[in-house]
Amino acid sequence: MAVLGRLLRPRTTTFYTIRTFCSSYSTSSPPSSSEIGVIEPLPAFGKITDGRNVQWVFLGCPGVGKGTYASRLSKLLCVPHIATGDLVRDELSSEGPLSSQLAEIVNQGKLVSDEIIINLLSQRLEAGEAKGESGFILDGFPRTIRQAEILEGVTNIDLVINLKLREEALLAKCLGRRTCSQCGGNYNVACIDIKADDGNPAMYMPPLLPPANCASKLITRSDDTEEVVKERLRVYNEKSRPVEEFYRRRGKLLEFDLPGGIPESWTKLLQLLNLDDHEDTRSAAA
Ligand SMILES: Nc1ncnc2c1ncn2[C@@H]1O[C@H](COP(=O)(O)OP(=O)(O)O)[C@@H](O)[C@H]1O
């Protein structure tokens, strides 16, 4: 049975079980707000105490690059990268009972209900737990205050990385996203070249082009159209922006303004996380 999903039901005796399950994960103290931007070195390269791995969250607008950096960090820290958008897309392609309902919501740029998303995530976490996973990097969850409260109620998230990028780049990045239908590789054909103005520095993000063998197999997500992306950005500002404040108040939010393309941003992110001097950082980026 789904672990987080149980919390949506009346709290009967199962609640204790949930707390027991999750308390084994809850160990490290989060950085205080005064430490934001100066995160302490991780004790044993990503391992929190009591043998469990990191439990981190990525926040940020559609198109900001949550998937890219969450996936790299997950390789580096040996924890799964769990993207709720991927769970939704898996459910959509499974043509199960939820799929037509989900397709309509996703293709309008709206959020799936908290109940559905928590059930999907719970199933994924339980499957991981059965395989011995003890940490994760969440991408795209929580996206509402209610989701954040439920997550906070069952586990102690160590760190929330809030990726930020100038608004004008976000739409272009979403519209430029491509996936190889054969190997699943993610690319971006957008070239972001913003000139400096009014105190904002110039920003250059080169396209991330596919290799020749993927080039003819690229597909675009059905919800990456201009109209739907604009709606997703609006929904982010309305429903998900408050989640940043939720974690800021708890001293867990690490703000990261993307300085440019992936090589530059990845290096800076690792420095901010004090992960830059480990030899595995090179292979994680490959
Ligand atoms: N935590 C969530 N809560 C509600 N809906 C979600 C959540 N995560 C994903 N979704 C649904 O899946 C869609 C795709 O999510 P995602 O791949 O994370 O997109 P984005 O590029 O907008 O960050 C969202 O627009 C939304 O409909």
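Residues numbered from 1 in each chain as written. Predicted model: local features only at pLDDT ≥ 70, side-chain atom pairs only at ≥ 80, totals over all residues. Heavy atoms only, no water.

**Notes on the sheet that holds strand 1 (residues 55-59)**
Then, in step 1: Strand order in the open sheet formed by five strands is 2-3-1-4-10, with parallel pairing between adjacent strands. In this open sheet, the two strands that pair with only one neighbour each are strand 2 (81-83) and strand 10 (253-257). On average, each strand axis in the sheet is inclined to that of its neighbour by 20°, with strand direction left out of account.
Then, in step 2: Examined bridge by bridge, strand 2 and strand 3 (residues 136-139) share three bridges and lie parallel to one another. Along strand 3, the bridge assignment pairs Ile82 with Leu138.
Then, in step 3: Helix-sheet contacts for helix 11 (residues 262-272) involve strand 4 (159-164) and strand 10, and the interaxial angle to strand 10 is about 155°. (Pairing = 2+ DSSP bridges. Helix = DSSP H or I, 4+ residues; strand = E, 2+ residues; numbered from the N terminus. Axes fitted to C-alpha atoms, helices over the stretch in contact; angles between N-to-C directions. Contact = heavy atoms within 4.5 Å.)

**Description of the site of the ligand**
Then, in step 1: In the vicinity of the ligand there are 18 residues, among which Thr84, Arg89, Lys110, Gly140 and Arg177 approach most closely.
Then, in step 2: The separation between an oxygen atom of the ligand and a polar side-chain atom of Arg89 is 2.9 Å.
Then, in step 3: At a separation of 3.2 Å, an oxygen atom of the ligand approaches a polar side-chain atom of Arg221.
Then, in step 4: In isolation the ligand offers 550 Å² of accessible surface; the protein chains occlude 96% of this area.
Then, in step 5: Sort the elements by how many residues they give to the shell around the ligand and helix 4 (residues 84-94) lands first, with four residues.
Then, in step 6: A class-by-class count of the residues in the shell around the ligand yields seven nonpolar, four polar and seven charged. (Near = heavy atom within 4 Å. Polar contact = N/O pair within 3.5 Å; in protein donor to acceptor, adjacent residues only side chain to side chain. Areas by Shrake-Rupley, 256 points an atom, 1.4 Å probe, with all protein chains shown as cover. Nonpolar A, V, L, I, M, F, W, Y, C, P; charged D, E, K, R; others polar.)

**A short note on the confidence of the model for the protein**
Then, in step 1: Averaged over every residue, the pLDDT of the protein is 83; the share at 70 or more is 79%.
Then, in step 2: Low pLDDT, under 50, characterises residues 7-45; the predicted model gives this stretch 67 contacts beyond four residues in sequence or across chains. (pLDDT = per-residue confidence, 0-100.)

**Regarding the packing of aromatic side chains**
Then, in step 1: In the structure shown here, the tally under the stated rule is one aromatic pair.
Then, in step 2: Note on Phe246 and Tyr247: the rings are 5.1 Å apart at their centroids and 85° apart in plane angle, and the pair reads as edge-to-face. For the pair Phe246 and Tyr247, a shared accessibility class is recorded, and that class is buried.
Then, in step 3: The ring of Trp266 carries the charged tip of Arg72 above its face, separated from the ring centre by 5.5 Å.
Then, in step 4: Sitting over the face of the ring of Phe246, Arg250 holds its NZ or CZ atom 3.7 Å from the ring centroid. (Phe/Tyr/Trp six-rings, centres within 6.5 Å; stacked < 30°, edge-to-face > 60°. Buried < 20%, exposed > 50% of the residue type's maximum accessible area, 1.4 Å probe, protein only. Lys NZ or Arg CZ within 6 Å of the ring centre and 35° of its normal.)

**Regarding the packing of helix 8 (residues 167-175) against helix 10 (residues 226-249)**
Then, in step 1: The contact between helix 8 and helix 10 brings their axes to 10 Å, and the two run at 135°. Classified by the interaxial angle, the pair formed by helix 8 and helix 10 is oblique. Judged by the twist between their axes, the crossing of helix 8 over helix 10 is right-handed. Counting all contacts with helix 8, which are made through Glu167, Leu170, Leu171, Cys174 and Leu175, the residues of helix 10 involved are Glu226, Val229, Lys230, Arg232 and Leu233.
Then, in step 2: Taken together, the residues that form the contact of helix 8 with helix 10 break down as six nonpolar, no polar and four charged. (Parallel < 35°, antiparallel > 145°, perpendicular 65-115°, else oblique. Left-handed = near helix turned anticlockwise from the far one by under 90°.)

**Things to note about unusual backbone geometry**
Then, in step 1: Look at the link from Phe141 to Pro142: it is a cis peptide, with omega at 0°.
Then, in step 2: Within the element layout of this structure, Pro142 appears in the loop between strand 3 and helix 7 (145-154).
Then, in step 3: The residue Cys78 is not glycine, and still its phi comes out positive at about 55°.
Then, in step 4: Here Cys78 shows up in the loop between helix 3 (66-77) and strand 2.
Then, in step 5: Judged by relative accessible area, Cys78 falls into the exposed class, the value being 63%.
Then, in step 6: You will see that Glu95, though not glycine, has its phi angle at about 55°, which is positive.
Then, in step 7: By the element assignment, Glu95 lies in the loop between helix 4 and helix 5 (99-107).

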